[in-house]
Amino acid sequence: MKILTTVKKVVDVELNIHIENGAIIEDGLQYVINAWDENAVEAAVQLKENNGAETTLVSIGGDDNIDMIRKCYAMGIENGILIDDPSLTATDSAVFAKVLQKVYEKGDYDLILTGKQAQDTDSGQTGIMLAEYLDLPCVSNVIAIEVLDETKISVSRLGDTGTEIVELTLPAVVTVSDSINEPRLPAMRGIMMAKKKKIQTMDLAELGTTPDEVGAAKSEIAEFMKSETRQAGQKFEGDAAEITAQVVALLASEAKVF
């Protein structure tokens, strides 16, 4: 089985992010591997260890993605691809999916593993769009993967009313939840070995496509906006009957619920 895993570099959302004139202030920001993508990497490595799968990772970005790819090497990923093209600096999920489609078509993979969403946009669309472009079956929000044989896997996903089990015929696309595993901390030996491994770097021309073909010339992020600040809520303590009366009175007089 050949597995392609995708990884996105995102702003560390644990930090305070400031926006000015529709742009994120870069000073003081740190970037990390998207958390859900790290779960996808761990899932790919476990499939390699338990089922002899061959693992390849692809990331779209600049030179600052290299350290991120090397961390994935240290976790156990075997091959790394960096798609570095200036036309992709301000694109959206649809464009990323088109680029990943070209990567898949050059590699003849059996399974694509992605995180279910990215921490910076929370759109959760790239993996699903990729499956649509490739006309492949797709299951999202997956929490377990079992290899049945060389052509089929069984996956468990978190549905609206419980856990759903789906059997997939390969090739297929799976987007994973952060509940699927706990990503490992790379060992020192893996970190040292990762420094020596090669990373295949390509632009769109070397990938066999153009900005127009993937839609990069037609799509861009126009601006970032601050989320609305909500007023602090009220905390009620004391006798339950008195608190209930106070809450009902406020819902009627201030919230106008009644």
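Residues numbered from 1 in each chain as written. Predicted model: local features only at pLDDT ≥ 70, side-chain atom pairs only at ≥ 80, totals over all residues. Heavy atoms only, no water.

If a strand is regular, its side chains alternate between the two faces of the sheet. Here strand E7 (residues 79-83) lies mainly inside the structure; 4 of its 5 residues are buried. Judged from the 5 bridges that link them, strand E6 (residues 54-60) and E7 form a sheet pairing that is parallel. Within E7, the residue paired with leucine 57 across the bridge is glycine 80. With helix H2 (residues 66-75) bridging E6 and the parallel E7, this β-α-β connection has right-handed handedness. (Buried < 20%, exposed > 50% of the residue type's maximum accessible area, 1.4 Å probe, protein only. Helix = DSSP H or I, 4+ residues; strand = E, 2+ residues; numbered from the N terminus. Pairing = 2+ DSSP bridges. Right-handed = clockwise from strand over helix to strand, strands pointing away.)

Where helix H1 (residues 35-51) contacts H2, the axes come no closer than 10 Å and their chain directions differ by 35 degrees. Of the two possible hands of crossing, H1 and H2 adopt the one that is right-handed. The residues of H2 that touch H1, namely those facing Glu38, Val41, Glu42 and Val45, are Lys71, Cys72 and Met75. By residue class, the composition of the contact of H1 with H2 is 4 nonpolar, no polar and 3 charged. (Axes fitted to C-alpha atoms, helices over the stretch in contact; angles between N-to-C directions. Left-handed = near helix turned anticlockwise from the far one by under 90°. Contact = heavy atoms within 4.5 Å. Nonpolar A, V, L, I, M, F, W, Y, C, P; charged D, E, K, R; others polar.)

All right, on to the nonpolar core then. Residues Val41, Ile77, Leu111, Leu113 and Val174 are the most contacted members of the largest nonpolar core, which totals 33 residues. Counting residues per element, the ones that place at least two in this core are strand E1 (2-7), H1, H2, strand E8 (111-115), strand E9 (138-147), strand E10 (152-158) and strand E12 (172-176). Listed in part, the 25 residues of the second largest apolar core include Tyr109, Ile112, Val173 and Met202. (Core = buried A, V, L, I, M, F, W, Y, C linked by side-chain atoms within 4.5 Å.)

Attention now moves to the packing of aromatic side chains. The full count for this structure, using the stated rule, is 1 aromatic pair. Measuring from centroid to centroid gives 6.3 Å for tyrosine 104 and tyrosine 109, while their planes differ by 40 degrees, and the two rings are tilted. Accessibility classification places tyrosine 104 together with tyrosine 109 in one group, the buried group. The positively charged end of lysine 2 is found above the aromatic ring belonging to tyrosine 109, 5.2 Å away from the centroid. Positioned above the aromatic ring of tyrosine 31 is the side chain of lysine 9, whose terminal nitrogen or guanidinium carbon lies 4.5 Å from the ring centre. (Phe/Tyr/Trp six-rings, centres within 6.5 Å; stacked < 30°, edge-to-face > 60°. Lys NZ or Arg CZ within 6 Å of the ring centre and 35° of its normal.)

Moving on: the pattern of salt bridges. Overall, the coordinates contain 9 salt bridges when judged by the stated rule. When the shortest N-O distance is used, the salt bridge between glutamate 164 and arginine 157 registers 2.9 Å. Taking relative accessible area as the criterion, glutamate 164 reaches 33% and is therefore assigned partly exposed. Among the salt bridges present, the one from glutamate 237 reaches lysine 235, with a minimum N-O distance of 3.4 Å. Take glutamate 237 and lysine 235: they sit in the same class, and that class is exposed. The structure contains a network of salt bridges with shared partners spanning Glu42, Glu49 and Arg184. (Salt bridge = Lys/Arg side-chain N within 4 Å of Asp/Glu carboxyl O.)

With 15 residues, helix H3 (residues 93-107) ought to run about 21 Å at 1.5 Å a step, and its terminal C-alpha atoms sit 21 Å apart, in line with that. Burial analysis of H3 places 11 of its 15 residues in the buried class, which makes it a mostly covered element. Of the residues making up H3, those classed as buried are Ser93, Val95, Phe96, Ala97, Val99, Leu100, Gln101, Lys102, Val103, Tyr104 and Gly107. Directly after H3, the chain includes aspartate 108, whose backbone phi takes a positive value near 55 degrees. (Expected span 1.5 Å × (residues − 1).)

Let us look at helix H4 (residues 126-134). For H4, the set of buried residues is Gly127, Leu130, Ala131 and Leu134. Along the axis of H4, the buried residues cluster in a sector spanning 100 degrees; they form a single face. Considering only its buried residues, H4 is in contact with H3, E8, E9 and E12. Backbone geometry just downstream of H4 places aspartate 135 in the positive-phi region, at approximately 60 degrees. (Arc of directions from axis to C-beta.)

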